[in-house]
Protein chains: 2
Amino acid sequence: MLRKVINMKIDFNKLDAQKLESFQGGLKHFDANIYNDGINKIIRGKLIPGASIGLHTHDSSSEIIFITKGCAKFVTDDVVEYVNEGECHYCKKGSSHTLINETKEDIEFFAVVPQQ
Amino acid sequence: MLRKVINMKIDFNKLDAQKLESFQGGLKHFDANIYNDGINKIIRGKLIPGASIGLHTHDSSSEIIFITKGCAKFVTDDVVEYVNEGECHYCKKGSSHTLINETKEDIEFFAVVPQQ
């Protein structure tokens, strides 16, 4: 009998550790472990001091970013927001954002990019 | 001039602290701060020792849960998985799951339930 098992545990340490240079036109590089099934992109990310993810638009998805370490500067639709550990940034579908590490500490986060 | 601002920061401490008794038929209660715009449910959750979220099916959504503290037991499609701090549980659309705290420590997590 075929067993239906479609749920899963994601151990980020077992995913490829990607070092994405100048991601979306940003500065330095973006450290990421990414699971992507075409429906949801599930990310563990890190930005070192001075690194950034460049401005980009979410046309067919949204993005939810939970900051787990550090303080992230987001510029979204011309508004600046500082998001600290334990807080969340929500980029709605159709919106644009950039993430910048202006601090002297790493920023770590979990993110989901659901296709919607 | 009307300014388009659709992105946002979510400070969970400013959302209602909900104590959801026997959530989805589970044991004890589920502590949650939830933002919900009908497109994405964005959750900061906690389960005390002995608490659980009952078995339920995601018919029109998926769910991504990042464990930030403790060890969570998930039963999904008859498979048991233990998910630790820093790991993730992914419940795909159409699938069922339950979350149980069998430990003596709180479980804390961030979750997204995207409508898909």
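Just so it is clear, the model here is predicted, and its values are computed rather than measured.

Undergrad: Honestly, the interface of chain B and chain A in this entry has me stumped. Any pointers?
TA: Often, the extent of an interface is quoted as the loss of accessible area upon association of its parts. Each side of the interface is counted separately: chain B has 46 residues, and chain A has 46 residues. For the pair chain B and chain A, the summed buried area comes to about 3,600 Å², and 53% of that belongs to carbon and sulfur atoms. In this structure, aspartate 37 of chain B and lysine 92 of chain A form a salt bridge, with 3.5 Å as the shortest nitrogen-oxygen distance. Only strand E1 (8-10), strand E4 (40-47), strand E6 (63-69), strand E8 (79-84), strand E9 (88-91), strand E10 (96-100) and strand E11 (107-114) of chain B provide two or more residues apiece to the side of chain B that touches chain A. Residue contributions to the side of chain B that touches chain A peak at five residues, all from E8 of chain B. Counted by class, the side of chain B that touches chain A contains 21 nonpolar, 14 polar and eleven charged residues. Strand direction decides the pairing type here: strand E1 (residues 8-10) of chain A and E9 of chain B, joined by three bridges, are antiparallel. In the sheet register, isoleucine 10 of chain A faces E9 of chain B, and the bridge partner there is cysteine 88 of chain B.

Undergrad: Where do I start with the sheet that holds E6 of chain B in this structure?
TA: Each strand in a sheet pairs with its neighbour through backbone hydrogen bonds, running either in the same direction (parallel) or in the opposite one (antiparallel). The antiparallel open sheet is built from seven strands, whose spatial order is E1(A)-E9(B)-E6(B)-E11(B)-E4(B)-E3(B)-E2(B). A strand with exactly one partner marks an edge of an open sheet, and here the two such strands are E1 of chain A together with strand E2 (18-21) of chain B. Strand after strand, the sheet turns through a mean of 25° between neighbouring axes, direction not considered. Strand direction decides the pairing type here: E2 of chain B and strand E3 (residues 29-36) of chain B, joined by four bridges, are antiparallel. Within the sheet, the bridge partner assigned to leucine 20 of chain B lies in E3 of chain B and is phenylalanine 30 of chain B.

Undergrad: Please explain the relation of the copies chain B and chain A as it appears in this structure.
TA: Relating one copy of the chain to the other requires a rotation about an axis plus a shift along that axis. The transform that puts chain B on chain A rotates by 180° and translates by 0.0 Å along the axis, for an RMSD of 0.0 Å. On this basis, the relationship between the two copies can be described by a two-fold rotation axis.

Undergrad: Could you clarify how one ought to interpret the environment of proline 49 of chain A in this entry?
TA: Residues and elements named next belong to chain A. Structurally, the position occupied by proline 49 is in the loop between strand E4 (40-47) and strand E5 (52-57). When the C-alpha atoms of proline 49 and phenylalanine 110 are compared, they prove to be 18 Å apart, with 61 residues separating the residues in sequence. If we skip the residues at most four places from it in the chain, proline 49 touches Lys28, Asn101, Thr103, Lys104, Glu105 and Asp106.

Undergrad: Got a minute to help me understand the confidence of the model for chain A in this structure?
TA: Keep in mind that low pLDDT regions are not for reading the predicted coordinates in detail. Here chain A averages 94 in pLDDT, while 94% of its residues score no lower than 70. Model confidence for the complex is summarised by a pTM of 0.95, with the ipTM given as 0.94.

Undergrad: What's the story with the pairing of strand E3 (residues 29-36) of chain A in this structure? I'm lost.
TA: Residues in a regular strand project their side chains so that they alternate between the two faces of the sheet. Residues and elements named next belong to chain A. Burial analysis of E3 places six of its eight residues in the buried class, which makes it a mostly covered element. In this structure, E3 lies alongside E4, joined through six bridges in antiparallel fashion. When the bridges of E4 are listed, alanine 32 appears paired with glycine 45. Between E3 and E4, which pair antiparallel in sequence order, lie three residues; one of them, glycine 38, sits at a positive phi of approximately 90°.

Cut-offs applied
- Residues numbered from 1 in each chain as written.
- Chains lettered and ligands numbered in written order.
- Predicted model: local features only at pLDDT ≥ 70, side-chain atom pairs only at ≥ 80, totals over all residues.
- Heavy atoms only, no water.
- Contact = heavy atoms within 4.5 Å.
- Buried area = accessible area lost by both parts, 1.4 Å probe.
- Salt bridge = Lys/Arg side-chain N within 4 Å of Asp/Glu carboxyl O.
- Helix = DSSP H or I, 4+ residues; strand = E, 2+ residues; numbered from the N terminus.
- Nonpolar A, V, L, I, M, F, W, Y, C, P; charged D, E, K, R; others polar.
- Pairing = 2+ DSSP bridges.
- Axes fitted to C-alpha atoms, helices over the stretch in contact; angles between N-to-C directions.
- Least-squares fit on C-alpha atoms with pLDDT ≥ 70 in both.
- pLDDT = per-residue confidence, 0-100.
- Buried < 20%, exposed > 50% of the residue type's maximum accessible area, 1.4 Å probe, protein only.

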